[in-house]
Amino acid sequence: MFEAPVPATPTFTGMLPFSVKGKQKATEAENETEPIIRYRHLLTNSMGALDPLRVIALCDLDAFYAAAERVRLGIDPELPLAVQQWQGLIAVNYPARKFGITRMENVTEAKKKCPDLILVHVATYKEGESEAGYHDDPNPSTHKVSLDHYRRESTRILNVHQEMMPAGGEVEKASIDEAFFDFTIPVKEAILARYPHLSQVPEDSPEGLDTPLPPAPEISWDGLGNLVFAEDTSQSQSEDVELAQGSTSDANTGTMENHKENSKSTWHDVALSIGAEFMMKMRMEVKTRLGYTTSAGIARNKMLAKLVASYKKMDQQSILRNSYISEFLRPMPFQKIRFLGGKLGDALADEFGAKTVGDVLNVSLGWMCFGPDMAFY
């Protein structure tokens, strides 16, 4: 029986492979998780997705539809609340999740778990009416569901994000309850303002702009959010688990539990910490001004930022340093990663018996693409 060879254990960096030219670039590509940061990277803004100082955040509104109804009705955020559409649930707030209520059940089942559950039916258009309203007993045969209120609230929140974004940053709406933030340019400007000696390449540097930056200073992560650590990634709560547990925490408290200093601070760590400052201010402004809590992830790219945003919820933000990318991803179910779900994910799982990112990494690319007959060509 033909067996696939077991490849050396690879390191997944969260970035797709790319071609490089020249000895210098090839050397840097060998360690993508800890690239050498040079003056050129700090003093220019033309590298795009390959910028080693890139900082991306994903901000997710916590149980948004439920929060929108809570804000509209002025309900205590500690009370269990769910939004229903006909007899099903489309949103469940975190206090209600503590009772084990999920969106997979109907109104009757939810009420059995929590008799005090506040149920709000989504707005509907009544037959013959031009404006949506909140009706006592909407009927699917005479009413049509309206999500207009949630779209309006989403726009209000996005406007605050755009207002708070430092000059040079970008806000990209990802969905009705999510947005991406590119802090790369304002982060670089903040680094130069805080460390002005980096604004000029040392005169005695023969490599010019390609001279590596001096060692980065140590960073205090206190108050910036939860650092993702290799020691606790396997125990971190996913959003699905929290549906039942309803984890909450103070958004202003940085979590340092289980932290071991196994890597020195880098300039990308400095960039992440500044991006976390920006994200925290924006989230607190939305909470104070509009009454919505959010959860955010800060990392080197969109894919990682989105995954990290679910690391701990609600009303929190989490930060993934480059040195922990591989450990963070390895135990994760690979189908959670964008483009690896659905039929493709099912096919990989069936063909290779893979469940986690680590399982997929143990399958050679040639074997995965071409099968045993062509794997070695």
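For the structure itself, consult the block above.
Presented here is an overview of the structure given in this document. (Residues numbered from 1 in each chain as written. Predicted model: local features only at pLDDT ≥ 70, side-chain atom pairs only at ≥ 80, totals over all residues. Heavy atoms only, no water.)

Counting secondary structure elements, the protein contains 14 helices and 11 strands. For the protein, the share of sequence-separated contacts (at least 6 apart) that also reach a separation of at least 24 residues comes to 66%. Of the roughly 19500 Å² of accessible surface on the protein, 53% is carried by carbon and sulfur atoms. (Helix = DSSP H or I, 4+ residues; strand = E, 2+ residues; numbered from the N terminus. Contact = heavy atoms within 4.5 Å. Areas by Shrake-Rupley, 256 points an atom, 1.4 Å probe, with all protein chains shown as cover.)

Turning our attention to the packing of helix α7 (residues 184-194) against helix α9 (residues 267-290). At a minimum axis separation of 9 Å, α7 and α9 run at an interaxial angle of 110°. Considering their axes alone, α7 and α9 lie roughly perpendicular with respect to each other. From α7, Pro186, Val187, Ala190, Ile191 and Arg194 reach across to α9, where they touch Trp267, Val270, Ala271, Ile274, Gly275, Glu277 and Phe278. A per-class count over the contact of α7 with α9 returns 9 nonpolar, 1 polar and 2 charged. (Axes fitted to C-alpha atoms, helices over the stretch in contact; angles between N-to-C directions. Parallel < 35°, antiparallel > 145°, perpendicular 65-115°, else oblique. Nonpolar A, V, L, I, M, F, W, Y, C, P; charged D, E, K, R; others polar.)

Further remarks concern the pairing of strand β7 (residues 170-175). In this structure, β7 lies alongside strand β8 (residues 178-182), joined through 5 bridges in antiparallel fashion. Its bridge partner being in β8, Val171 is matched across the sheet by Phe181. Joining the antiparallel neighbours β7 and β8 is a turn of 2 residues. (Pairing = 2+ DSSP bridges.)

Taken in spatial order, the 3 strands of this open sheet run β3-β2-β4, and their pairing is mixed. In the strand order of this sheet, the two ends are held by β3 (88-92) and β4 (118-121), each with one partner. Put simply, the sheet's adjacent strands are angled 35° from each other on average, direction ignored. Against the sheet, helix α3 (residues 64-73) engages β2 (81-85), β3 and β4, with an angle of about 110° to β2.

This paragraph deals with the environment of Thr102. Relative to the assigned elements, Thr102 resides in the loop between α4 (94-97) and α5 (107-113). Classification of Thr102 by relative accessible area gives buried; the value is 19%. For the pair Thr102 and Ile90, spaced 12 residues apart in sequence, the C-alpha separation works out to 8.9 Å. A polar atom in the side chain of Thr102 sits 3.1 Å from the backbone nitrogen of Met104. (Buried < 20%, exposed > 50% of the residue type's maximum accessible area, 1.4 Å probe, protein only. Polar contact = N/O pair within 3.5 Å; in protein donor to acceptor, adjacent residues only side chain to side chain.)

With respect to burial, β8 is a largely interior element, 4 of its 5 residues being buried. The pairing of strand β1 (residues 56-61) with β8 spans 5 bridges and is antiparallel. Across the sheet, the residue bridging to Ala57 is Phe181, located in β8.

The residue after Lys313, namely Met314, is reached through a cis peptide bond having omega -5°. Along the chain, Met314 falls in the loop between α10 (302-309) and β11 (317-319). If you check the backbone angles, Ala63 has positive phi at about 40° while not being a glycine. Positionally, Ala63 belongs in the loop between β1 and α3. In this structure, Asp315 takes a positive phi of about 55° despite not being glycine.

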